[in-house]
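Structural features, examined
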Amino acid sequence: MSQSAFTAAAAHDPLQSHFAEAKNWHMRMLFSQEPDRFSRFSVKAAGLFLDYSKNRLNDTTMRLLAALARERGLEQQRDAMFSGKKINTTEQRAVLHVALRAPRNAAIQVDGQDVMPEVHRVLDHIRDFAERVRSGQWTGCTGKSITDVVNIGIGGSDLGPEMACRALRAFVHPRLSMHFVSNVDAHDIDSVLSHVNPETTLFIIASKTFTTVETMMNAQSARTWFLRQRGAADLPKHFVAVSTNTKAVAAFGIDTNNMFPFWDWVGGRYSIWSAIGLPLALAIGYDRFAEFLAGAHAMDQHFRTAPLESNMPVILGLIGVWYRNFFGFSSLTIAPYHQDLERFPAYLQQLEMESNGKRVSKEGNALNIASCPAVWGDVGTNGQHAYFQLLHQGTDVIPVDFIAALKPSHALPGHHTVLLANCFAQSEALMRGKTSDEARAEMRAQGLAEDDIDTLAPHRTFPGNRPSNTILMDALTPSALGALIALYEHKTFTQGVLWDVNSFDQWGVELGKALAKNIEPELTGTPRPDAHDSSTNGLIALARTGLIS
Ligand code: G6Q
C-alpha cells in the first residue's frame, strides 16, 4: 500500500507528535487550565452556533489540523467545486448542489454554459405547481383538492424530502398529509395505499434515472392501484415526476409538462435542493422553501469565505479527522434533541457514509489510512434510555454531535427546558465522567456500607473524556434546517479532501442495484446452483419452497 496524500503531507508528522501528547489529556484538565474554552472554541455562522470546546484538543491541535487542510488543498478544491469544475472524476461530472441554492443573479458555468437560468426556470415551475396544489387550484380528477402527497423514491430521492418534511412539520399545510414510500417491500406502499383516496392523492415519482428497481416497482403498483379505481385519462392529474429521464417519464404515462428535471451534476444525496425537494415545497410552500435554500446559501458563503480556523464546516470536519485518523475512533453518533429531527441521523448516515465510505484515493490507490466512520444515532432523550450506556461506559469512545433548538416549535410548557437540560447534562457528563473517589463519596452520602462501596465503585465510575460537539439554532426553521444540512455537506467535503477520496461517486450502491437482478429470476424460474456458494444456494432453495419446516 503506497503512502497516502494524508500521511505524506508535511503537516502530518507534527500532528502525529502532537497526538502523542494530546492522547493523554483529560478534558477536565483542559477546562481547568483554560477557563475560556467555551468562547475560544465556539463559532457562529448562518444562524447556527457550534460549541466544540468539549473535545480533546487545544489551539495547537486546531492550528496543525488547519495546516494539514491547507496543504491538502482544501481551499483550492472548495473553489473548484463552487466554480463547476468536474471534481467527480470517476463520473466526469461537476458537483454543483451549491448552484441550486445560489441567488438568481449568480453565474455558475458547467462546460461553458451558465446553469443558473435553468435552475431558476425549474424553481419557478416548482413555485407555480406548489401554489396551485396548496391553494386548491390544482384539483384531482373529480375536482377535489389534493389532501395526500405520496413521494415514491429511494436513497437520495427519498431521504432528503422525507427528513425535511418531518423536520419542518410545524410549517406543513394543514390540508396536506405527506407520505414517503421507498422500500421494494410492498408492506411500505401497501400501508400508504390503504389509507389514501385516489381522487385526492398526488403521487410524485422521484428518480434521477427513472430506472431504479424499487421506485419503478412501487410506481407501477401505485399506477395499477389508481387505474383499478379511475381511468387512464385521470392519471396526469395524479402523477407527476422528478427525473433527468424525460423518455422514461413519458413512457410511464406522465405528462412531461408535469415533469420537474434536474441535472447530472446533482448527486442523489445532495439533491434535496433540486426538484427532489418538490414534496417539501408542496408541504411548506414555496416562500418557506426559498428560506430553506437561503439558509443553505448562507452556510455556503461562510464555507467559501471564512478562514479555515473559524470555518464551521471545516472545524467539524477537522475534529472528525482528528478522532478518526489519530485516536482511531471508528464511529460517530448524531443526537438531535428535537423530535422533528428524527430522520436527520439517517440522512447524515447516507450523506457521510455514501460520500466518504471509500477505500481508494482519487487516483485509485488503496488508502493507508481510515476514511469515513460509521454514522448513526437517534433523537434525545430516547437514546439516553438505550445506547447512551455504551457512550458513557463502553470500551469504545464514540464522539457525539448534539443538535438542539433554543426555542421549540410547540407551545406546551415545561418540556423544552427539560429537553435542553438533558442535552447539556449529557455532554457535561461525557466530558467530566465520575472518578472513583467521587463515586465513593456519593455512595457514602447515600449511607451505603464500605463493603458495598468497594464492590460498586468500579461500576459507578465513569472515565469521562468522551468528546462531543453541540450545535444550536434559535428554532428549527426552514432557514436553520438549510444551514444545518449544508454544514454537514461541507464537513463531508472537507473530510473527503483530507482523505483524498472522491466524495461524489457511489459504486457500492450501483453494485447493489445490479446484484439482485442476477438472483431474482432464480427465485421463480430455474435455479443456477453453479453460479453461487452453498449459503446463497441454500437461501434461494428456501425461498423457492416458501417453508422453513
Ligand atoms: C445517492 C445515491 C442513491 C440514489 C438512489 C436513487 O447519492 O446515488 O441513494 O439516490 O439509488 O436513485 P434514482 O434517483 O436514480 O432512483
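What counts and how
One numbering rule holds for all chains: residues counted from 1, following each sequence as written. It should be noted that, the model being predicted, local features are given only for residues of pLDDT at least 70 and side-chain atom pairs only at 80 or more, the latter also being counted only at that level, while totals for whole chains, interfaces and linings use all residues. To get the side-chain values, take all heavy atoms of the structure and skip hydrogens and water. Numbering of helices and strands starts at the N terminus; helices are DSSP runs of H or I of at least 4 residues and strands are runs of E of at least 2. For each residue, the accessible area found with a 1.4 Å probe, counting protein chains only, is set against the maximum for its type, and the residue is called buried under 20%, exposed over 50%, and partly exposed in between. If DSSP finds at least two bridges between two strands, the strands pair. Orientation is described by lines fitted to C-alpha atoms, with helices fitted over the stretch in contact, and by angles between N-to-C directions that extend from 0 to 180 degrees. Here, residues are in contact when the closest pair of their heavy atoms is within 4.5 Å. Here a residue counts as near a molecule or strand whenever at least one of its heavy atoms sits within 4 Å of it. In protein, a polar contact means a hydrogen-donor-capable atom and an acceptor-capable atom, both N or O and within 3.5 Å, with residues adjacent in sequence counting only if both atoms are side-chain atoms; elsewhere, any N or O pair within 3.5 Å suffices. Any residue that is not Ala, Val, Leu, Ile, Met, Phe, Trp, Tyr, Cys, Pro, Asp, Glu, Lys or Arg is counted as polar, Gly included; the first ten are nonpolar and the last four charged. The scheme is simple: roughly parallel for angles under 35 degrees, roughly antiparallel for over 145, roughly perpendicular for 65 to 115, oblique for anything else.

1. Quick look at unusual backbone geometry
Between Gly380 and the following residue, Thr381, the backbone shows a cis peptide bond with an omega angle of 10 degrees. On the secondary structure map, Thr381 appears in the loop between strand E11 (374-377) and helix H16 (388-393). Its identity as a non-glycine residue notwithstanding, Phe210 has a phi of 60 degrees, on the positive side. Using a relative accessible area of 3% as the deciding quantity, one classes Phe210 as buried. Phi at Asn465 takes a positive value of approximately 65 degrees, unusual for a residue other than glycine. With respect to the helices and strands, the residue Asn465 is situated in the loop between helix H19 (450-456) and strand E13 (468-473).

2. Points about the sheet that holds E13
Note: strands within a sheet are paired through backbone hydrogen bonds, in either parallel or antiparallel orientation. Across the sheet, which stays open at both edges, the 6 strands sit in the order E1-E2-E13-E12-E10-E11 with mixed pairing between neighbours. A strand with exactly one partner marks an edge of an open sheet, and here the two such strands are strand E1 (42-45) and E11. Neighbour-to-neighbour, the strand axes of this sheet turn through a mean angle of 20 degrees, independent of strand direction. Bridge count between strand E2 (residues 48-51) and E13: 4 bridges; the pairing is antiparallel. Counterpart to Phe49 in the pairing with E13 is Leu472. On the sheet, helix H14 (residues 312-327) packs against E1, E2 and E13 and is oriented at approximately 30 degrees with respect to E2. Docked against the sheet, helix H15 (residues 344-356) engages strand E10 (331-337), E11 and strand E12 (400-405), running at close to 175 degrees with respect to E11.

3. Notes on the site of the ligand
Taken together, 14 residues are adjacent to the ligand, and Ser157, Ser207, Lys208, Thr209 and Thr212 come closest. The backbone of Lys208 places a nitrogen or oxygen atom 2.7 Å from an oxygen atom of the ligand. Contacts to the ligand include Thr209, whose side-chain N or O atom sits 2.7 Å from an oxygen atom. Residue composition of the shell around the ligand, by class: 1 nonpolar, 9 polar and 4 charged.

4. Re the packing of helix H5 (residues 59-71) against H14
Think of two packed helices as two axes; the pair is described by the angle between the axes and how far apart they sit. Their axes nearest at 10 Å, the elements H5 and H14 cross at an angle of 100 degrees. Between H5 and H14, the angle is such that the two are roughly perpendicular. On H14, the residues touching Thr61, Met62, Leu65, Ala66 and Ala69 of H5 are Ile315, Leu318, Ile319 and Trp322. Residue classes in the contact of H5 with H14 are distributed as 8 nonpolar, 1 polar and no charged.

5. As for helix H8 (residues 159-167)
Of all 9 residues that make up H8, 8 are buried, and the element is covered over most of its length. Within the span of H8, buried status applies to Leu159, Gly160, Pro161, Glu162, Met163, Ala164, Cys165 and Ala167.

Shape descriptors only; they carry no functional weight alone.
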